[in-house]
Amino acid sequence: QVQLVESGGGLVQPGGSLSLSCAASRVIFNINTMGWYRQAPGKQRELVAVITSDGNKDYAESVKGRFTISRENAKKTVYLQMNSLKPEDTAVYYCNAVLKVFSWDRERSYWGPGTQVTVSS
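Conventions used here
Residues numbered from 1 in each chain as written. Predicted model: local features only at pLDDT ≥ 70, side-chain atom pairs only at ≥ 80, totals over all residues. Heavy atoms only, no water. Salt bridge = Lys/Arg side-chain N within 4 Å of Asp/Glu carboxyl O. Helix = DSSP H or I, 4+ residues; strand = E, 2+ residues; numbered from the N terminus. Buried < 20%, exposed > 50% of the residue type's maximum accessible area, 1.4 Å probe, protein only. Disulfide = S-S within 2.5 Å. Pairing = 2+ DSSP bridges. Axes fitted to C-alpha atoms, helices over the stretch in contact; angles between N-to-C directions. Phe/Tyr/Trp six-rings, centres within 6.5 Å; stacked < 30°, edge-to-face > 60°. Lys NZ or Arg CZ within 6 Å of the ring centre and 35° of its normal.

## Section: the pattern of salt bridges
A pair can form between side chains of opposite charge whenever their charged atoms are brought close.
Next, step 1: On inspection of all chains with the given rule, the structure shows six salt bridges.
Next, step 2: Aspartate 89 serves as the salt-bridge partner of arginine 38, at 3.0 Å between the closest nitrogen and oxygen. One end of the pair, arginine 38, is in strand β4 (residues 30-39); the other, aspartate 89, is in the loop between β8 (77-82) and β9 (91-100), with 51 residues separating them in the sequence.
Next, step 3: Given the relative accessible area of 0%, aspartate 89 is considered buried.
Next, step 4: Where arginine 108 meets aspartate 105, a salt bridge forms, and the shortest distance between an N and an O atom there is 3.2 Å.
Next, step 5: When its relative accessible area of 30% is taken as the criterion, arginine 108 is described as partly exposed.
Next, step 6: Each of Arg38, Glu46, Arg66 and Asp89 takes part in one network of salt bridges that share partners.

See below:
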């Protein structure tokens, strides 16, 4: 079983910055995409940013120019740097990884437990 361990998050004032990180907990054959999603109260979970194994990135329009996703393959870790935060960024942020634990296995999608980000004065 793979666990995604998230860290970061918390309370920040509008215009501030926060950094999230997420690491896979065990040896893994290959990680394809890694990404961040968020879910605000009363809303559906939505994509924030994803990064492929070869470094291609995609962002939600609402965060382009403010958020940056990156990854360290050797550490099986994905990061999300969030700048110029707005109250509408308030949500639970979830890490996602699509990976193969073993070379003979199929790719599976795993989720972290979520970390709260609150942007408020």
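Don't stop here, the text continues.
## With respect to the state of the cysteines
Next, step 1: Taken as a whole, this structure holds one disulfide when the rule is applied.
Next, step 2: The disulfide that involves cysteine 22 links it to cysteine 95, with 2.0 Å between the sulfurs. As the torsion about the S-S bond is roughly -80 degrees, the cysteine 22-cysteine 95 disulfide counts as left-handed. Residue cysteine 22 is located in strand β3 (residues 18-24), and its partner cysteine 95 is located in strand β9; the two are separated by 73 residues in the primary sequence. Across this residue pair, the class does not change: cysteine 22 and cysteine 95 are buried.

## Let's talk about the sheet that holds strand β1 (residues 4-8)
Next, step 1: Spatial strand order, β1-β3-β8-β7: four strands in an open sheet with antiparallel pairing. Whereas interior strands pair on both sides, the edge strands pair on one side only; in this sheet they are β1 and β7 (67-72). The average undirected angle you get between the axes of adjacent strands in this sheet is 15 degrees.
Next, step 2: Alignment of β1 against β3, held across five bridges, turns out to be antiparallel. Across the sheet, glycine 8 pairs through a bridge with leucine 20, a residue of β3.

## Quick notes on the packing of aromatic side chains
Remark: the centre distance and the inter-plane angle together describe each pair of aromatic rings, the angle taken between the planes.
Next, step 1: Across all of its chains, the model carries two aromatic pairs by this definition.
Next, step 2: Measuring from ring centre to ring centre gives 5.0 Å for tyrosine 37 and tryptophan 111, while their planes differ by 65 degrees; the resulting arrangement is edge-to-face. Of this pair, tyrosine 37 sits in strand β4 while tryptophan 111 sits in strand β10 (residues 108-111), and the two are 74 residues apart along the sequence.
Next, step 3: Accessibility expressed as a relative area gives 22% for tyrosine 37, which makes it partly exposed.
Next, step 4: Residue class for tryptophan 111 comes out partly exposed when judged on its relative accessible area of 38%.
Next, step 5: Taking the ring centre of tyrosine 94 as reference, the NZ or CZ of arginine 45 above it sits at 3.7 Å.
Next, step 6: Positioned over the ring face of tryptophan 111 is arginine 45, at 4.7 Å from the centre of the ring.

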